[in-house]
Amino acid sequence: ETGVTQTPRHLVMGMTNKKSLKCEQHLGHNAMYWYKQSAKKPLELMFVYSLEERVENNSVPSRFSPECPNSSHLFLHLHTLQPEDSALYLCASSQSSGRAWEQYFGPGTRLTVT
Amino acid sequence: AQSVTQPDIHITVSEGASLELRCNYSYGATPYLFWYVQSPGQGLQLLLKYFSGDTLVQGIKGFEAEFKRSQSSFNLRKPSVHWSDAAEYFCAVAWNSGNTPLVFGKGTRLSVIA
């Protein structure tokens, strides 16, 4: 497996469910990111982890809870979501310093909240 | 606030025709500039980037982009479009160095007709 992988690719969940999105990077990077991509909106940065420490949290509701157990894995735990949370959730990775902005993206998880 | 503008939401070109996608950014410190492409159902793939030096940069898939500081622009070009270029194109900018997050434009959807 190469690059950045995300599972599942598609997820349908009710508002009372709890689910998790998984991201894994095979690039030896030290920083990982969660983005939300909604129709007709720019990509929204949600969370940034560098060397497994959260360095940014862009005012994301607490119903989204990230976890970064090591530099290769990133999770996004979901609970009591709202229909407006339906979107494509993208994971990305980069080196943590110098060229931190040169990000490599996974294919995304298409989330539908019913 | 720092922002990135892609004025064209949707562009349609004929196969074999030339292409130019526009990107403008708000004034700030030295920008680091990127173009990403997103095919349907996929994540974002880096096409090219500009950090410094020659203002005309070459990327993958025959794309190039030119940084014009006086116009705060970083337009993407391709001399001859192929049907497989149909996708969504995102311009992104990071200001300053370090772990400054990328700011993305809203994207331009490219359709290619025979």
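This is a predicted model, so every value here is computed, not measured. (Residues numbered from 1 in each chain as written. Chains lettered and ligands numbered in written order. Predicted model: local features only at pLDDT ≥ 70, side-chain atom pairs only at ≥ 80, totals over all residues. Heavy atoms only, no water.)

## Let's talk about the state of the cysteines
- Summed over the entire model, instances satisfying the criterion amount to two disulfides over all chains.
- Two residues, Cys-23 of chain A and Cys-91 of chain A, share a disulfide whose sulfurs are 1.9 Å apart. With the S-S bond torsion at -75°, the cross-link from Cys-23 of chain A to Cys-91 of chain A turns out left-handed. One end of the pair, Cys-23 of chain A, is in strand E3 (residues 18-25); the other, Cys-91 of chain A, is in strand E9 (residues 87-94), and 68 residues separate them in sequence.
- Given the relative accessible area of 0%, Cys-91 of chain A is considered buried.
- Paired through a disulfide, Cys-23 of chain B and Cys-91 of chain B show a sulfur-sulfur distance of 1.9 Å. In this structure the cystine formed by Cys-23 of chain B and Cys-91 of chain B twists about its S-S bond by roughly -65°; its chirality is therefore left-handed. Placement of Cys-23 of chain B in the loop between strand E3 (19-21) and strand E4 (24-25) and of Cys-91 of chain B in strand E10 (residues 87-95) is noted, with a sequence separation of 68 residues between them.
- On the basis of relative accessible area, Cys-23 of chain B is assigned to the buried category, the value being 0%.
- Cys-68 of chain A takes part in no disulfide bond, and the closest cysteine sulfur to it belongs to Cys-91 of chain A, at a distance of 9.0 Å. (Disulfide = S-S within 2.5 Å. Helix = DSSP H or I, 4+ residues; strand = E, 2+ residues; numbered from the N terminus. Buried < 20%, exposed > 50% of the residue type's maximum accessible area, 1.4 Å probe, protein only.)

## Overview of the confidence of the model for chain B
- Per-residue confidence for chain B gives a mean pLDDT of 91; residues scoring 70 or more make up 95%.
- The lowest-confidence element of chain B is strand E11 (residues 103-104) of chain B, averaging 89 in pLDDT; the highest-confidence one is E3 of chain B, averaging 98. (pLDDT = per-residue confidence, 0-100.)

## Points about the packing of aromatic side chains
- Counting across every chain of the model gives 14 aromatic pairs over all chains.
- The interplanar angle of 45° and the centroid separation of 6.5 Å between the aromatic rings of Tyr-50 of chain B and Phe-74 of chain B together place this pair among those described as tilted. Of this pair, Tyr-50 of chain B sits in strand E6 (residues 44-50) while Phe-74 of chain B sits in strand E9 (residues 73-78), and the two are 24 residues apart along the sequence.
- The class of Phe-74 of chain B is buried, set by a relative accessible area of 0%.
- One aromatic cluster is present, built from ring pairs that chain together Tyr-33, Tyr-35 and Phe-105 of chain A together with Tyr-32, Phe-34, Tyr-36, Phe-51 and Phe-104 of chain B. (Phe/Tyr/Trp six-rings, centres within 6.5 Å; stacked < 30°, edge-to-face > 60°.)

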